[in-house]
Amino acid sequence: MEAVRLSQAQVLAAPSELLVEEDTDAIRMVRVKAGDREAFGDLVERHKNAVVNYLTHMTRDRDRAEELAQEAFLRLYLKASQYQEHGKLVAYVMRIATN
C-alpha cells in the first residue's frame with residue numbers, strides 16, 4: 001500500500017468519514033495545528049498509557065508519571081505549530097517527556 005500525503009487544506013476539507021482509515025497521528029497533528037481540540041484529545045487517549053508506563057518505569061512513581069505525562073502532552077499542544085512529521089509521534093512525545 002502506497003502512503004498518501006495530504007496537505008493541511010485537503011485534510012481540513014475532506015469529510016471525516018473519508019479519513020477513518022487515513023486518520024493517522026500525522027493527520028491528527030495537522031488537525032491540532034488547525035485548532036482541532038478533539039483531534040488532540042484523540043492523540044492523548046491513543047498514547048497516554050504508553051507515555052505513563054514509560055514514565056512510571058523511569059520514576060518508579062505512578063502518580064508522578066501521570067503528572068509528567070500531562071506536562072508532556074501540554075508541551076506538545078503548546079508547540080504543535082512547530083511539529084514536523086519525521087517519524088512516530090509517540091517517540092516524539094516520549095522525548096518531550098524525558099526532557
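To keep things clear, this report deals only with the structure shown in the data block. (Residues numbered from 1 in each chain as written. Predicted model: local features only at pLDDT ≥ 70, side-chain atom pairs only at ≥ 80, totals over all residues. Heavy atoms only, no water.)

Structural notes on unusual backbone geometry
What counts, and what does not: Per the convention used, a helix needs a DSSP run of H or I reaching at least four residues, while a strand needs a run of E reaching at least two, with both numbered from the N terminus.
Positive phi, close to 60°, is recorded for Arg60, a residue that is not glycine. Mapped onto the elements of the fold, Arg60 is located in the loop between helix 3 (37-59) and helix 4 (62-78).

A look at the packing of helix 4 against helix 5 (residues 89-98)
Applicable threshold: Here an angle of 0 to 180 degrees is reported between the N-to-C directions of two axes, which are lines fitted to C-alpha atoms, with helices fitted over the stretch in contact. For classification, angles of less than 35 degrees are called roughly parallel, those exceeding 145 degrees roughly antiparallel, those between 65 and 115 degrees roughly perpendicular, and all remaining angles oblique. By definition, turning the near helix anticlockwise from the far helix through less than a right angle yields a left-handed crossing, and turning it clockwise yields a right-handed one. It only takes one pair of heavy atoms within 4.5 Å for two residues to be counted as in contact. Only Asp, Glu, Lys and Arg are considered charged in this grouping, and only Ala, Val, Leu, Ile, Met, Phe, Trp, Tyr, Cys and Pro are considered nonpolar; every other residue, Gly among them, is considered polar.
Contact pair helix 4 / helix 5: the axes reach a minimum separation of 9 Å and the direction vectors enclose 115°. In terms of their interaxial angle, helix 4 and helix 5 are classed as roughly perpendicular. When the axes of helix 4 and helix 5 are compared, the crossing they make is right-handed. Where helix 4 approaches helix 5, its residues Ala72, Phe73, Arg75 and Leu76 are matched on the opposing element by Leu89, Tyr92, Val93, Ile96 and Ala97. Residue composition of the contact of helix 4 with helix 5, by class: eight nonpolar, no polar and one charged.

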